[in-house]
Amino acid sequence: MMISNSLERQYQLYAEEYEKKAVEVLRSGQYILGNEVREFEREFADYIGAKYCVGLASGLDALWISFRLLGIGAGDEVIVSANAYIACVMGITINGATPVFVEPDEYDNIDAEKIEAAITPDTKAILAVHLYGQACDMSRIMELASKYSLKVVEDCAQSHGNHWMGKTVGTFGDIGCFSFYPSKGCGAFGDGGCIVTDDEELAKKFRIFRNYGSEKRYHNQMVGSNSRLDEIQAGLLRIKLSHLDELTEERRRIAQRYMTEIKNPFIRLPQVRKEADSSWHQFVVHCSRRDMLRQYLADRDIGTLIHYPIPPHLSEAYRYLGKKEGDYPIAEKFANEVLSLPIYNGMTEEEQGKVIRAVNGFA
Ligand SMILES: *Cc1c(COP(=O)(O)O)cnc(C)c1O
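Residues numbered from 1 in each chain as written. Predicted model: local features only at pLDDT ≥ 70, side-chain atom pairs only at ≥ 80, totals over all residues. Heavy atoms only, no water.

Peer 1: Explain the site of the ligand to me, using residue names and the numbers behind them.
Peer 2: Near the ligand you find 14 residues, and of these Gly 59, Asp 155, Gln 158, Ser 179 and Lys 184 are the closest. In the model, an oxygen atom of the ligand is placed 2.9 Å from a nitrogen or oxygen of the Leu 60 main chain. A distance of 2.7 Å separates a nitrogen atom of the ligand from a polar side-chain atom of Asp 155. Protein burial of the ligand: of its 380 Å² of free accessible surface, 91% is covered by the chains. (Near = heavy atom within 4 Å. Polar contact = N/O pair within 3.5 Å; in protein donor to acceptor, adjacent residues only side chain to side chain. Areas by Shrake-Rupley, 256 points an atom, 1.4 Å probe, with all protein chains shown as cover.)

Peer 1: Kindly report on the pairing of strand β9 (residues 193-197), identifying the contributing residues and their values.
Peer 2: On a regular strand, each side chain points to the face opposite its neighbour's, so the side chains alternate between the two faces of the sheet. When you tally the buried positions in β9, you get five out of five residues, the bulk of the element. Side chains of β9 alternate between two faces, with Gly 193, Ile 195 and Thr 197 and Cys 194 and Val 196 buried alike. Pairing of strand β1 (residues 52-56) with β9 involves five bridges; the strand directions are antiparallel. From the neighbouring strand, Tyr 52 faces β9, where its bridge partner is Thr 197. As judged from the four bridges shared by strand β8 (residues 175-179) and β9, these two strands associate in the antiparallel manner. Bridging across to β9, Gly 176 finds its partner in Val 196. (Buried < 20%, exposed > 50% of the residue type's maximum accessible area, 1.4 Å probe, protein only. Helix = DSSP H or I, 4+ residues; strand = E, 2+ residues; numbered from the N terminus. Pairing = 2+ DSSP bridges.)

Peer 1: Any chance you could break down the sheet that holds strand β4 (residues 123-129) for me, citing the residues and the numbers?
Peer 2: The strand order across the open sheet formed by seven strands is β1-β9-β8-β5-β4-β2-β3, and the pairing between neighbours is mixed. Each edge of the open sheet carries a strand with a single partner, namely β1 and β3 (98-102). Strand-to-strand, the axes of this sheet are offset by a mean angle of 25°, without reference to chain direction. Relative to strand β5 (residues 151-155), β4 runs parallel, the two sharing five bridges. Bridged to Ile 126 within β5 is Val 152. Docked against the sheet, helix α3 (residues 35-48) engages β1, β8 and β9, running at close to 125° with respect to β1. Seen against the sheet, helix α5 (residues 86-93) touches β2 (77-81), β3, β4 and β5 and runs at an angle of roughly 140° to β3. (Axes fitted to C-alpha atoms, helices over the stretch in contact; angles between N-to-C directions. Contact = heavy atoms within 4.5 Å.)

Peer 1: Explain the environment of Gly 173 residue by residue, including any values.
Peer 2: Of note, Gly 173 is situated in the loop between β7 (167-168) and β8. Each C-alpha atom, one on Gly 173 and one on Lys 151, is 7.2 Å from the other, the two residues being 22 residues apart in sequence. Here Gly 173 is in contact with Met 142, Val 152 and Glu 154, once residues within four sequence places are set aside.

Peer 1: Now, about the nonpolar core: what can you tell me, with residues and values included?
Peer 2: One finds Leu 127, Phe 206, Tyr 258, Phe 283, Leu 297 and Leu 341 to be the most contacted residues of the largest nonpolar core, which totals 64 residues. Looking at this core element by element, the count peaks at six residues for helix α4 (residues 59-69). Excluding its chain neighbours within four sequence positions, the residues that come into contact with Leu 341 are Asn 5, Tyr 258, Ile 262, Phe 283, Val 285, Leu 297, Thr 304 and Val 359. Membership of the second largest hydrophobic core comes to 41 residues, among which are Ala 112, Trp 164, Ala 188 and Ala 276. (Core = buried A, V, L, I, M, F, W, Y, C linked by side-chain atoms within 4.5 Å.)

Peer 1: Run through the environment of Arg 68, naming residues and quoting values.
Peer 2: Its location among the elements puts Arg 68 in helix α4. On a C-alpha basis, the gap between Arg 68 and Gly 96 in space is 9.7 Å, while along the polypeptide they are 28 residues apart.

Peer 1: Lay out the packing of helix α9 (residues 244-261) against helix α12 (residues 349-361) in plain terms, naming residues and giving numbers.
Peer 2: Put simply, α9 and α12 touch, their axes get as near as 11 Å, and they point 30° apart. Judged by the angle between their axes, α9 and α12 are roughly parallel. Considering only the axes of α9 and α12, their crossing is right-handed. Between α9 and α12, the residues in contact are Ile 254, Arg 257, Tyr 258 and Glu 261 and Glu 349, Gln 352, Gly 353, Val 355, Ile 356 and Asn 360, respectively. Of the residues assigned to the contact of α9 with α12, the class counts are four nonpolar, three polar and three charged. (Parallel < 35°, antiparallel > 145°, perpendicular 65-115°, else oblique. Left-handed = near helix turned anticlockwise from the far one by under 90°. Nonpolar A, V, L, I, M, F, W, Y, C, P; charged D, E, K, R; others polar.)

Peer 1: Quick one: what's the story with helix α11 (residues 329-337), residue by residue and with numbers?
Peer 2: Among the residues of α11, Ala 331, Glu 332, Phe 334, Ala 335 and Glu 337 are the ones counted as buried. The inward-facing, buried residues of α11 abut β12 (283-286), α10 (290-299) and β13 (338-341).

So, in structure tokens, the structure goes:
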């Protein structure tokens with residue numbers, strides 16, 4: 001049996017509750033923007049500690065609609081880490097704005113000390129991506145944002161409920177963006193996303209935008225989109241959210257065991273800043289012979305993933321930016337050495353023991 005990230009296990013943990021809710025929603029006759037979405041938005045805002053939450057169709061929608069509603073588009077620059085997920089960059093470029101890449105640090109997040117040098121008169125915002133479940137240096141980012149009057153959008157798609165100095169991510173900047181893609185920490189059983197904000201006017205704009213720009217049916221105030229979290233996903237997410245702390249606790253236990261039992265001079269373990277915590281969305285090790293390690297583990301029935309093998313500036317989609325290999329050497333090096341070991345809710349001690357033995361046996 002292959003050991004690799006499984007979504008079926010986390011479903012099994014609370015299967016009865018999910019099934020009951022799905023049937024309840026099916027029988028309610030209300031499938032879009034009803035009670036489940038309303039309740040989930042309230043509960044999620046409370047969980048994060050934000051005033052407002054607006055459910056959307058995906059994490060990517062949360063990002064691009066954020067920049068759109070902040071008025072950031074053609075001619076504007078947005079700072080983002082060079083090792084971010086491609087969706088982060090698309091959230092910027094869909095609106096015609098230009099991503100300005102900044103190298104990551106040893107915590108796999110944007111190197112906040114390198115941001116200031118990337119700021120130009122066209123810079124309008126910083127997209128703070130909390131990668132793999134760990135917060136970026138939000139103290140420094142907020143300090144720079146205030147110094148240069150920049151907007152801050154947080155991409156919390158991998159870090160639901162994580163903290164920087166005790167404060168929940170998503171509550172530092174103007175807007176916090178979340179994805180509920182099934183593999184994410186607070187994952188749905190299909191697509192979904194949301195934003196959180198303390199700005200009442202902005203929250204209202206998101207509500208209008210996601211529904212063809214209308215608050216009142218057939219009265220369209222702006223050109224919007226169709227980006228609604230649906231009732232079934234919202235209902236299932238309410239159950240997931242009610243167990244999220246337990247699920248995160250379990251991931252932390254699994255990560256802790258990896259941290260203490262993986263001992264291999266060829267492998268660098270992930271590092272967590274003292275001001276941050278991690279929900280371990282991914283357990284990412286660095287290994288200069290990553291492809292060999294990956295094959296070695298695959299030969300032993302252990303499935304790993306790479307987050308991410310091609311940095312956005314070298315992807316085909318962004319050829320038009322005119323970047324080349326060597327422009328962001330740290331991000332490029334990371335793309336060649338990161339490997340995500342199996343970590344999933346419902347992973348047994350025996351399965352993890354097998355992974356640890358295999359990883360320690362690689363030479
Ligand atoms: C998953 C993810 C997204 C996109 O979310 P979708 O719901 O898949 O659109 C954006 N940013 C990051 C960091 C992600 O991990």
